[in-house]
Amino acid sequence: MTANVLIVDDEAAITGFLKELIEEDGYRVATAADARSARAALAAGTPDIVLLDAVLPDGHGHALCQDIRADRATRHVPVIMMSACSRPVDVEKGLALGADAYLGKPFSASQLMTTVTRLLERGARGTERAAG
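Values in this document were obtained by computation on a predicted structure and should not be read as measured data. Residue positions are counted from 1 within each chain, in the order its sequence is given. With the structure being a predicted model, the display of local features is reserved for residues of pLDDT at least 70 and the display and counting of side-chain atom pairs for 80 or more, all residues being used for whole-chain, interface and lining totals. Hydrogen atoms and water are omitted, and side-chain values are computed over all heavy atoms in the structure.

### Regarding the side chain of T74
For T74, the position within the fold is in the loop between α3 (61–70) and β6 (79–83). Judged by relative accessible area, which is 4%, T74 ranks as buried. T74 has contacts with L42, T46, D67, I68 and R69, leaving out every residue within four places of it along the chain. A helix here means a DSSP run of H or I that spans at least four residues, while a strand means a run of E at least two residues long, and both kinds are numbered starting from the N terminus. Buried means the residue's accessible area, taken with a 1.4 Å probe over protein chains only, is under 20% of the maximum for its type, while exposed means over 50%, and partly exposed covers the values in between. A contact between two residues is defined here by any heavy atoms of the two lying within 4.5 Å.

### Regarding helix α2 (residues 35–44)
Those residues of α2 lying buried are A35, A38 and L42. Axial view of α2: buried residues confined to an arc of 55 degrees, hence all on one face. Exposed residues on α2 whose side chains face more than 90 degrees from its buried face are R36, A43 and A44. For α2, the secondary structure elements touched by its buried residues are β1 (4–8), β2 (28–32), β3 (49–53), β4 (55–56) and α3. Counting of polar contacts relies on pairs of N or O atoms within 3.5 Å, with two restrictions inside protein: one atom must be capable of donating a hydrogen and the other of accepting it, and residues adjacent in sequence are counted only when both atoms are side-chain atoms. Measuring from the backbone nitrogen of R36 back to the side-chain oxygen at the start of α2 gives 3.3 Å, which picks out D34 as the cap. Working note: the arc is built from the helix axis to C-beta atom directions.

### Examining the packing of α2 against α3
It is at 10 Å that the axes of α2 and α3 come closest, and there the two elements cross at 20 degrees. Of the possible angle classes, the one that applies to α2 and α3 is roughly parallel. With respect to the hand of their crossing, α2 and α3 are arranged in right-handed fashion. Contact with α2, carried on its side by A35, A38, R39 and L42, involves A63, L64, D67 and I68 of α3 and no other residues of that element. An axis is simply a line fitted to the C-alpha atoms; with a helix, the fit covers only the stretch in contact. Between two such axes, the angle follows the N-to-C directions and lies from 0 to 180 degrees. Just so you know how the angles are binned, under 35 degrees is roughly parallel, over 145 roughly antiparallel, 65 to 115 roughly perpendicular, and the rest oblique. Throughout, a crossing is termed right-handed when the near helix is turned clockwise from the far one, and left-handed when it is turned anticlockwise from it by less than a right angle.

### With respect to the pairing of strand β7 (residues 101–104)
Two strands pair under a simple rule: DSSP has to find at least two bridges between them. Where β6 meets β7, four bridges bridge the pair, whose relative direction is parallel. Residue pairing for β7: I80 is matched across the bridge by A101. Between the parallel pair β6 and β7, the chain is carried across by helix α4 (residues 88–96), and the sense of this crossover is right-handed. Seen with its strands pointing away from the viewer, a crossover is right-handed if its path from the first strand over the helix to the second goes clockwise.

### Re the pairing of β1
The buried fraction of β1 is high, at four of five residues. Across five bridges, the pairing between β1 and β2 is parallel. Along β2, the bridge assignment pairs V5 with V29. Both β1 and β3 contribute to a ladder of four bridges, which runs parallel. In the sheet register, V5 faces β3, and the bridge partner there is I49.

Dropping the structure here:
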């Protein structure tokens, strides 16, 4: 089964790069440029993983991450938070609010794909969500 990935980022160049990279590995990708569009995408169908920018034009990705965790339909979905803000305090905040992983921008393509694969495999094994 092919995994469905939701990319939430307001930078078109980043979204385009991530979409191409992830599709090359055989995943299906949907994108959203803001929290409102992401919420609509989540309501339309639950993805297998979410790549979430921490700073969006209509609010922080942190709030969206919390909403994903609070919703019964999506609380099991792994979330990878991405941000140029990658001080230890930023990473700790993202993980504390429910992200499964936190990647500081810029990150390598291999780092992203390793993280995506690891989280999808963990989900397939039915293990508990854990930050890190």
